[in-house]
Amino acid sequence: MGDNCLSAVGDRVLLGRLDHPRTDRARRIAVVGDPHVATRASGTYRVFHRTEQRLRAVIDDVNDRDVDLVVFPGDLTKDGEPWNYDRIDVLLEDLTVPFLATPGNHDLRKQGDDHRCPSTATFAERYAGGSLPARYDLDGLNLFVLNSAAGRNGPYTETHRGRISDDQLEWLDEGLRDASTPVVVCHHNPIPLVSEPLCETDTWKWFTMSERDRFQSILETHGVGLVVSGHHHLPSLVKRGGVRQLIAPAVASYPQAYCLLEIDATGTNVWLISHADETGRDEAYRLMTEGPAFRRTLLGITETTIQDAPMLYEPPRIAGAPLTD
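What this report covers is the structure whose coordinates are included nearby. (Residues numbered from 1 in each chain as written. Predicted model: local features only at pLDDT ≥ 70, side-chain atom pairs only at ≥ 80, totals over all residues. Heavy atoms only, no water.)

## Focus on the sheet that holds strand β10 (residues 243–247)
Then, number 1: Taken in spatial order, the six strands line up as β5-β6-β7-β8-β10-β9 in an open sheet, and their pairing is mixed. With partners counted over all chains shown, the strands left at the sheet margins are β5 (134–138) and β9 (236–240), one partner each. Going across the sheet, the axis of each strand differs from the next one's by a mean of 20°, ignoring polarity. (Pairing = 2+ DSSP bridges. Helix = DSSP H or I, 4+ residues; strand = E, 2+ residues; numbered from the N terminus. Axes fitted to C-alpha atoms, helices over the stretch in contact; angles between N-to-C directions.)

Below is the structure:
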């Protein structure tokens, strides 16, 4: 096993320190990426056979950390199967804090599915407080939850790409006008993740957000400090202009971690929190090395990320200093 793994640096790794968002009252938000609960899966390089165990471990850990809110940025299930949603519901019954979720590309109907999948409205009713898009205010912190799991003509067909619909963008543009400390949540990432050569490969294009220019423009215009997403199964924290983007790793896959945001008046700490023991992390690492070449590339990016953490460090704001970038 490589030396640049979470096991080598501990169970809690600082992924970044951000100047925004800030809140007068200290808050904690857990970001749990891509649980992919797969109750009928056997051993896979994405460790789908451990998904129930890993999500239960995350829930137990979150319940012990005085967390104010849990955010799931999509892909709750392996492929939207009703039996996997049933299991999600059982697991979430043990979560003692509020949660919000948005669907990922694996949660809704896709071409070729031979099982029932929930509609967007049904998903929103069960996991997003009743509707999507959704706004959730937490003592001055304003969360805007969007559904990016759709194509231009509506539901998914054969693609993994995402898109924010025009009506959601208009809703976001309007809502951000009175938001003091906005955080935007969606499944697909609006800011390109890595170097252009990889972004331009056909494989990578299957997973990117399409038509993202207007989305980025709205984020920058309104000074959105942080966008939270998932989808890529690896941890990432980058900044473009004034917008910071967090991608939470998949719960099941290496590095077997979720993200914890600790927000206060000086800024935000973004932590990677392991929810597996060293044996579990070793298994996830080994299985990833045995997976397809593209997945091994993502493993290398993840190793480098952890080795170089924090990825983004903005010094804490001095108490009483003006709230400027």
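The discussion continues.
## Some thoughts on the pairing of β5
Then, number 1: Where β5 meets strand β6 (residues 141–145), five bridges bridge the pair, whose relative direction is antiparallel. For Y136, the partnering residue across the bridge sits in β6 and is L143.

## Some words on the environment of A101
Then, number 1: Here A101 lies in strand β4 (residues 99–101).
Then, number 2: The exposure class of A101 is buried, given its relative accessible area of 1%.
Then, number 3: Along the primary structure A101 and Y127 are separated by 26 residues, whereas in three dimensions their C-alpha atoms are 5.4 Å apart.
Then, number 4: Leaving out residues up to four positions away in the same chain, A101 has contacts with F72, L76, F123, Y127, A128, L132 and V145. (Buried < 20%, exposed > 50% of the residue type's maximum accessible area, 1.4 Å probe, protein only. Contact = heavy atoms within 4.5 Å.)

## Quick word on the packing of aromatic side chains
Then, number 1: For the coordinates displayed, the defined rule picks out six aromatic pairs.
Then, number 2: Considering the side-chain rings of Y85 and F123, the 6.4 Å spacing of their centres and the 75° angle between planes classify their relative orientation as edge-to-face. Note that Y85 is positioned in helix α3 (residues 82–92) and F123 in helix α4 (residues 120–127), a separation of 38 residues in sequence. As far as burial versus exposure is concerned, Y85 and F123 are alike and both buried.
Then, number 3: Ring geometry for Y254 versus Y285: centroids 5.3 Å apart, planes at 80°, classification edge-to-face. With Y254 in the loop between β10 and β11 (257–264) and Y285 in helix α9 (residues 278–289), this pair connects stretches of sequence that are 31 residues apart. Considered together, Y254 and Y285 belong to a single accessibility category, that of buried residues.
Then, number 4: Ring-pair connections join several aromatic residues into one group, and the members of that group are Y85, F123 and Y127.
Then, number 5: Looking at R40, its charged tip hangs above the ring of W83, at a distance of 3.9 Å from the centre. (Phe/Tyr/Trp six-rings, centres within 6.5 Å; stacked < 30°, edge-to-face > 60°. Lys NZ or Arg CZ within 6 Å of the ring centre and 35° of its normal.)

## Some remarks on the sheet that holds β11
Then, number 1: Read across the open sheet, the seven strands follow the order β4-β3-β2-β11-β12-β1-β13; overall the sheet is mixed. The open sheet has two edge strands with one neighbour each: β4 and β13 (312–313).
Then, number 2: Where strand β1 (residues 12–18) meets strand β12 (residues 267–274), six bridges bridge the pair, whose relative direction is antiparallel. The residue of β12 that forms the bridge with L14 is W271.

None of this, on its own, says anything about what the molecule does.
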